Amino acid sequence: MQCKIDDLPDEILEYILSLIPPYKDLQECMYVSKRWCQATKNVIEHSRAHFQKSVAYGSLFWNSWSAGTHWTPTIGKRHSHSACTYDNSMYVFGGCTAACTTFNDLWKLDLDTRKWVRPITMGSYPSPKACATMLYYKKSFILFGGWSHPSPYPLHQQWKLFNELHVYSIESNRWIAINGLETPPPTSAHSASIHGNLMVVFGGVASGYSSNDVWCLNLDSYCWKKQATSSLKPQPRYGQSQIPLDDKHLLILGGCTGPNVAMNDAWLLTMEDPIWTWKKVNMRHTESAPTRIWCHQACKVGNYIIVLSKKKRLSQPSGMSISVGKPANPPHTSNIPFRERQRSLREIDRDENVNGRRGYLQRSRNALSNPISPNVPLPVYDSTLSMAAFRDEPVRTNSSANRQKQLESLRRMEERLQNRKAQSKAAKKTENTLAIFVLDISNILCDECSASWVPLKQSDQTGPDERILYSLVLGRGELIVFGGIRKEQATIQGQTDIDDSQVFNDLHFINPPKYVI
């Protein structure tokens, strides 16, 4: 007996449709017939409800996506970029490399095929920059602010902040520069959201200082206005997340008020009356909160907010340095047994100085009482070297043999550095990964104005490497994570710091578990 797909029960048809990616292909199934249209709508609704329920219970899974063949266009590695979704695609603008080289390119990710495409845009291009905001409004992207790092020549240049406003028309594939009379000061690392026909901008770094000002852009007339707010307001900050709740309310989450000063608070802004009102949110179950909420873009799913941060481990303290590009605070030597410190001291003293002849500097009594100081590099002792190198006296030694010895020392030093770097990356790969944290905001508009971190059991599933300054956007039944940077410096005793930065261009998706209709 021959059976056609139309002969299948509705439940089986809906299950088959649920296996199709929830973008263009699934939408086109609605045009097959009335029955398929209704089945597709059921699948979309069930998927949305299932995703929100999975967020509430923390039943989310990481899925990585590797690039295709070598001839497939692929976006370059970057961090501090801007990203948002429209229709069946995610768009990414700008960002910068580990060396602070900024971009002004625009890329498009087809969420059906997971392939990158670079549109050849027209019009007035924005300046290359990072830490700008890009929001969707009426088939256009609104791009504002950002910063760029100058070239290394000439030296001692200041970084540049922007207050440029550009509009990208998706249909015409064209950038348009908007020039207004009254504009905000040049700003970067700020936050923004759309409310009706207003774009509301808060905070950021302006002229070298942190801000807590609120600026509004009328998206119909492109006129700026500095909004008056209540005397009680958040501290000036940058790197925070801004979550639109409705046309009259927005939420500010986290941020940073200065180097090594991260904030884990939340503030509610009510956009009514001539003077808008700030109100601090009562945060509950803070023991389940992430260790830090700065330069981590949060994303709203129903009545919950998803935050990605470093996975918590009970064996280590939660605090860590948050200054990008600077080494973390060294551990205090009191935690190291005295015998281990002596052994470490002897091992360091046996290393040869590969940068030339240097004598042995006698330690003071204070130095002997504390053999390893975390802030002062130890002198390197080499009994084969002579102080004549500092007195321009001839050294009676074989120059060829000495040269070979120096080359051998360089080779051994390179091997040690490579081994140390490989071991450090392997440890970070297994230990320092991103984890998912969930904030319940269902009671945030009530009189108590509270939000609760949902206690979630940390799953054994490994997320991507720990990073900051990535993008996190909401797709259809999934969250999309792209790019970012892990910037640390490894300190070797007696040597200069080694920059161990790593910038990413990998894609990760956060999905709910598969379900059967």
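Every chain is numbered on its own, with residues counted from 1 as its sequence reads. In keeping with the model being predicted, local features are shown solely for residues with a pLDDT of at least 70 and side-chain atom pairs are shown and tallied solely at 80 or more, while totals for entire chains, interfaces and linings include all residues. Computation of side-chain values: all heavy atoms of the structure, hydrogens and water removed.

Labelled according to an unreviewed UniProt entry, the protein appears under the name F-box domain-containing protein, originating from Nasonia vitripennis.

## What to know about the overall build of the protein
Looking only at helices and strands, the protein features six helices and 35 strands. Evaluated residue by residue, the protein yields a buried proportion of 43% over its 517 residues. Surface accessibility in these figures is a Shrake-Rupley result with a 1.4 Å probe; residues are shielded only by whichever protein chains are displayed. Carbon and sulfur atoms provide 52% of the accessible area of the protein, an area that totals close to 28000 Å². Labels follow the DSSP assignment, with helices taken as runs of H or I lasting at least four residues and strands as runs of E lasting at least two, numbered in each case from the N terminus. A 1.4 Å probe rolled over the protein chains alone gives each residue an accessible area, and that area as a share of the maximum for its type sets the label: buried under 20%, exposed over 50%, partly exposed in between.

## Observations concerning the nonpolar core
As used in this record, nonpolar core signifies buried Ala, Val, Leu, Ile, Met, Phe, Trp, Tyr and Cys residues forming a set joined through side-chain atoms within 4.5 Å. Counting residues in each nonpolar core, the largest one holds 21 residues, and the members touching the most others are L251, L253, V281 and I305. Breaking this core down by element, the ones donating at least two residues are β18 (241-246), β19 (249-253), β22 (266-270), β26 (304-310), β27 (434-440) and β28 (450-453). It is β27 that provides the largest number of residues to this core, a total of three residues. Contact between two residues is taken to exist if any of their heavy atoms lie within 4.5 Å; hydrogens are not considered. Apart from residues no more than four positions distant in its own chain, I305 is found in contact with I243, L251, L253, A298, C299, K300, F437, V438, L439 and I441. One finds F51, L308, L434 and I510 within the second-largest nonpolar core, a separate group that totals 19 residues.

## Regarding the sheet that holds strand β25 (residues 299-301)
Across a sheet, strands are paired by hydrogen bonds formed along the backbone, either parallel or antiparallel in direction. At least two bridges found by DSSP between two strands are what make those strands a pair. Sheet architecture is open: five strands sit in the order β24-β28-β27-β26-β25, paired in mixed fashion. The open sheet is flanked by β24 (282-284) and β25, the only strands paired with a single partner. Strand-to-strand twist of the sheet, defined as the mean angle between neighbouring strand axes without regard to direction, takes the value 30 degrees. With seven bridges joining them, β26 and β27 adopt antiparallel strand pairing. In the strand pairing of β27, Y304 is matched with D440. Note on method: axes are straight lines fitted to C-alpha atoms, helices fitted across the in-contact stretch only, with angles between N-to-C directions ranging 0 to 180 degrees.

## Section: the sheet that holds strand β2 (residues 82-86)
Spatially, β2-β3-β4-β5 is the arrangement adopted by the four strands of the open sheet, whose pairing is antiparallel. At either end of the open sheet lies a strand with only one pairing partner, and these are β2 and β5 (115-117). Ignoring which end each strand starts from, the neighbouring axes of this sheet average 25 degrees apart. Both strand β4 (residues 106-110) and β5 contribute to a ladder of three bridges, which runs antiparallel.

## A word on the pairing of strand β11 (residues 165-169)
Of all five residues in β11, five are buried; the element is thus mostly enclosed. Residues L165, V167 and S169 of β11 are buried on one face, and the alternating residues H166 and Y168, pointing to the opposite face, are buried as well. Pairing of strand β8 (residues 140-144) with β11, which is carried by five bridges, proceeds in the antiparallel orientation. From the neighbouring strand, L143 faces β11, where its bridge partner is H166.

## Focus on the environment of W224
You can see W224 is positioned in strand β17 (residues 223-227). Taking relative accessible area as the criterion, W224 reaches 7% and is therefore assigned buried. Considering only alpha carbons, one finds W224 and L198, 26 residues apart in sequence, at a separation of 9.7 Å. Not counting residues within four places of it along the chain, the set of residues in contact with W224 comprises F144, L165, E182, T183, P184, M199, V201, W215, C216 and L217.

## Looking at the pattern of salt bridges
The term salt bridge refers to a side-chain nitrogen of Lys or Arg lying within 4 Å of a carboxyl oxygen of Asp or Glu. Overall, the coordinates contain 16 salt bridges when judged by the stated rule. Between R411 and E408 there is a salt bridge, with its nearest N and O atoms 2.3 Å apart. Taken as a pair, R411 and E408 lie in helix α6 (residues 399-430) at a separation of three residues, close to a single helical turn. Residue class for R411 comes out partly exposed when judged on its relative accessible area of 37%. In this structure E408 comes out as partly exposed when scored by relative accessible area, which is 31%. One salt bridge connects R411 with E415, and the closest N-O pair in it is separated by 2.4 Å. Here R411 pairs with E415, and both are found in helix α6, just four residues apart, close to one helical turn. When salt bridges that share partners are traced, they join E408, R411, R412 and E415 into one network.

## With respect to a negative patch on the surface
Patch rule: a residue counts if its relative accessible area is over 30% and it has no salt bridge; like charges are joined within 9 Å, and nonpolar side chains (Val, Leu, Ile, Met, Phe, Trp, Tyr) within 5 Å. Only four residue types enter the charge count: Lys and Arg as positive, Asp and Glu as negative, with His and the chain ends excluded. A charged residue contributes its charge at one atom only: NZ of Lys, CZ of Arg, CG of Asp or CD of Glu. On the surface, a cluster of negative charge is made up of D246, D247, E272 and D273. Within the secondary structure, E272 is located in the loop between β22 and β23 (277-280).

## Here's the deal with unusual backbone geometry
Backbone geometry places D273, a non-glycine residue, at a positive phi of 65 degrees. Looking at where D273 falls in the secondary structure, it is placed in the loop between β22 and β23. Assessed through its relative accessible area of 62%, D273 is described here as exposed. Here C449, not a glycine, exhibits a phi torsion of approximately 50 degrees, which is positive. By the element assignment, C449 lies in the loop between β27 and β28.

## Brief notes about the side chain of T229
As for its position among the elements, T229 is in the loop between β17 and β18. Given the relative accessible area of 16%, T229 is considered buried. Polar contacts, as used here, are pairs of N or O atoms within 3.5 Å; protein pairs need one atom able to donate a hydrogen and one able to accept it. Residues neighboring in sequence count only if both atoms are side-chain atoms. Within the structure, the side chain of T229 is placed 3.3 Å from the side chain of K233, a separation counted as a polar contact. Not counting the four nearest positions on each side in its chain, T229 is found in contact with V214, I275, W276 and W278.

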